[in-house]
Amino acid sequence: MDNQKSCAIIGAGISGIGASIRMRNKGYKVVVYEVNAFPGGKLSSESNKGYRFDMGPSVFTMPEYVDELITLSGKNPKDYFNYVQLDPVYKYFFEDGTVLDSFHGKKGYAKEMAAKTKVKEQEIINYLDKTEEMYELTAEVFLHNSLHKFKNFFTKAVAKGLINFGKIGAFDTMNGANEKAFKDPHLVQIFNRYSTYNGSSPYLAPATLNVIPHVEIVKGAYYPIGGMYSITSSLVKLGKDIGIDYRFGTPVKEIVIENGTAKGIRTNHGIEKYDVVISNMDVYNTYHKLMPTAKKPEKILNQPKSSSGIIFYWGIKHSFKELGLHNILFSENYREEFDTIFSKKTIYHDPTIYVNITSKHTPSDAPPGCENWFAFINTPNNEGQDWDKLIDQAREAMIKKVNRILKTDIRPMIECEMVFDPRVIEKRTSSAFGAIYGNSSNNKFAAFLRHPNFSKKIKNLYFCGGSVHPGPSIPLCLLSAKITTDLIK
Ligand SMILES: Cc1cc2nc3c(=O)[nH]c(=O)nc-3n(C[C@H](O)[C@H](O)[C@H](O)COP(=O)(O)OP(=O)(O)OC[C@H]3O[C@@H](n4cnc5c(N)ncnc54)[C@H](O)[C@@H]3O)c2cc1C
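Residues numbered from 1 in each chain as written. Predicted model: local features only at pLDDT ≥ 70, side-chain atom pairs only at ≥ 80, totals over all residues. Heavy atoms only, no water.

A. A look at the site of the ligand. Inspection of the region around the ligand gives 34 residues, with Glu34, Lys42, Gly466, Ser473 and Ile474 positioned closest. Interatomic distance of 2.6 Å between a side-chain N/O atom of Glu34 and an oxygen atom of the ligand. Sorting the residues of the shell around the ligand by element identifies helix H1 (14-25), strand E2 (29-34), helix H14 (422-429) and helix H15 (474-486) as the ones contributing at least two each. The residue inventory of the shell around the ligand, partitioned by class, reads 16 nonpolar, 15 polar and 3 charged. (Near = heavy atom within 4 Å. Polar contact = N/O pair within 3.5 Å; in protein donor to acceptor, adjacent residues only side chain to side chain. Helix = DSSP H or I, 4+ residues; strand = E, 2+ residues; numbered from the N terminus. Nonpolar A, V, L, I, M, F, W, Y, C, P; charged D, E, K, R; others polar.)

What follows is the structure, encoded as structure tokens:
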């Protein structure tokens, strides 16, 4: 097919993979260039001494966006990708001994929370109704379409959003709204926690982000059969089946631009010409490393970046009945914790810990009687802190906290360890400053200060992924791929 159009995709992160499938279905010849020897970017997997770990995302919502890619390719989703709905989703542990399960659906959720806190069931249902309304008012505008195309501002969805502007929480912070809704500090802390889903502080991020719990609690959280990495592996298999060419171990060195038009890419093997170039590489580094002489949208690129994390991947020689797939061990002073991360730019002395254990659902992820712990704390992004020292501090603080809350001693149970810190995340995925979620959402204009899915200056150059519109997380990255490729005629 001589006149078949061609598309280069830089990066096999989940959004790059999504975009590759969509472009192939538009009839393009598609080549995905990935610097790593493996696909997935943040959504990757490693094994160590009989334990398997998902290295990045662990909470999975909106599986329909994965299914959609398979259906679009004329295949049966069940032949590629399967998942189960979680209920309960989380186990929350507080230092005062309170343990709360987060059940699926408004009723189940409210019943458990009301039984164990001072809040009435109906107050929780009212709150979840509000977050649902906020989601309905904002999703079409902020998640499903480009925010940077003039025509998208003259739609029914925008008109409805504008009429109901007072309801979308643009003028309050997440914490402000949550403190108004609940007198119980446990519930305020639980709902504040959702700011971390895009690496922000609940004391700064707009209350509009309180839509996130609606997605998780009401629309549901899921577990992919075989673990999170099966999202990546299923979609790459699909991509190969429909003729996408994935080139692993092949870093793109430059986006070739001639007369204001992207003409192709340069790798160590030379220049290859394409009709369209889509970068799934972090947008800050796409500008700085792949087209250093192009004019940069400085204001957007220089927005404060999101938080990052320290993650211990521990092989634990024990099975904890009190833990589930997703567990949060909360700090006692959340405000101080976020202030330490975002103002002091260091780690908190007693950080909130997230422990994910996929062997609870996939026993083969750990040897019999053992568990694979992904133990995570939020940290600032990389501004040159002494990470080796901070890792040692984090390990001590985390072990002490787990021991205190679970009344155990995990130290002798840790039979193997791998650790990621912001430097590793930066190196492994090219995320600027090792920030996990691109720009932070710590101000009410953040959604408008993410880079568009296209270049305003360079023709045929597009962007998808967690560092551009509509933002980070697996579902948003898959939506990013859709918005981007829909812009390409
Ligand atoms: C620890 C952690 C926990 C998370 N938890 C969750 C969660 O629970 N749920 C959720 O939904 N999301 C979560 N996220 C966020 C989610 O993982 C990301 O938003 C999403 O995976 C980002 O995907 P992406 O497509 O932007 O690309 P990335 O995953 O950032 O991948 C970009 C790819 O581009 C490649 N690349 C970069 N430069 C080049 C180049 N020059 N040439 C070739 N290839 C290049 C990189 O190697 C990489 O493979 C988490 C992330 C992390 C790190």
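B. Region of the structure containing the nonpolar core. With 103 residues, the main nonpolar core has Tyr92, Ile124, Ile190, Phe191, Ile231, Leu235 and Ile278 as its most contacted residues. If you count residues domain by domain, this core takes at least three from each of domain 1 (6-46 + 227-300 + 440-486) and domain 2 (123-175 + 188-216). Leaving out residues up to four positions away in the same chain, Ile190 has contacts with Tyr92, Phe94, Leu100, Tyr109, Met113 and Phe330. By size, the runner-up hydrophobic cluster in this structure holds 26 residues, among which are Ile353, Val355, Ala375 and Ala394. (Core = buried A, V, L, I, M, F, W, Y, C linked by side-chain atoms within 4.5 Å. Buried < 20%, exposed > 50% of the residue type's maximum accessible area, 1.4 Å probe, protein only. Domains from an automatic or database assignment. Contact = heavy atoms within 4.5 Å.)

C. Quick peek at the packing of aromatic side chains. Taken as a whole, this structure holds 29 aromatic pairs when the rule is applied. When the ring of Tyr90 is compared with that of Tyr92, the centres are 5.4 Å apart and the planes differ by 5°; the resulting orientation is stacked. Measuring from centroid to centroid gives 6.1 Å for Tyr246 and Phe248, while their planes differ by 5°, and the two rings are stacked. For Phe248, a relative accessible area of 26% gives the class partly exposed. Residue placement shows Lys78 over the ring face of Tyr83; its charged tip is 5.5 Å from the ring centre. Sitting over the face of the ring of Tyr194, Arg193 holds its NZ or CZ atom 4.9 Å from the ring centroid. (Phe/Tyr/Trp six-rings, centres within 6.5 Å; stacked < 30°, edge-to-face > 60°. Lys NZ or Arg CZ within 6 Å of the ring centre and 35° of its normal.)

D. Quick peek at the environment of Lys457. With respect to the secondary-structure elements, Lys457 resides in the loop between H14 and strand E20 (461-463). Residues Lys457 and His144, 313 residues apart in the sequence, show an inter-C-alpha distance of 23 Å. Leave out the neighbours within four places in its chain, and Lys457 touches Gly260 and Lys295.

E. The sheet that holds strand E17 (residues 353-357), seen in detail. The strand order across the open sheet built from 7 strands is E8-E7-E16-E17-E18-E15-E19, with neighbouring strands paired in mixed fashion. The sheet is open, and its two borders are formed by strand E8 (99-102) and strand E19 (414-420), each paired with just one other strand. Neighbour-to-neighbour, the strand axes of this sheet turn through a mean angle of 20°, independent of strand direction. For strand E15 (residues 308-316) and E19, the ladder comprises 6 bridges, and the chain directions are antiparallel. Within E19, the residue paired with Ile316 across the bridge is Ile414. (Pairing = 2+ DSSP bridges. Axes fitted to C-alpha atoms, helices over the stretch in contact; angles between N-to-C directions.)

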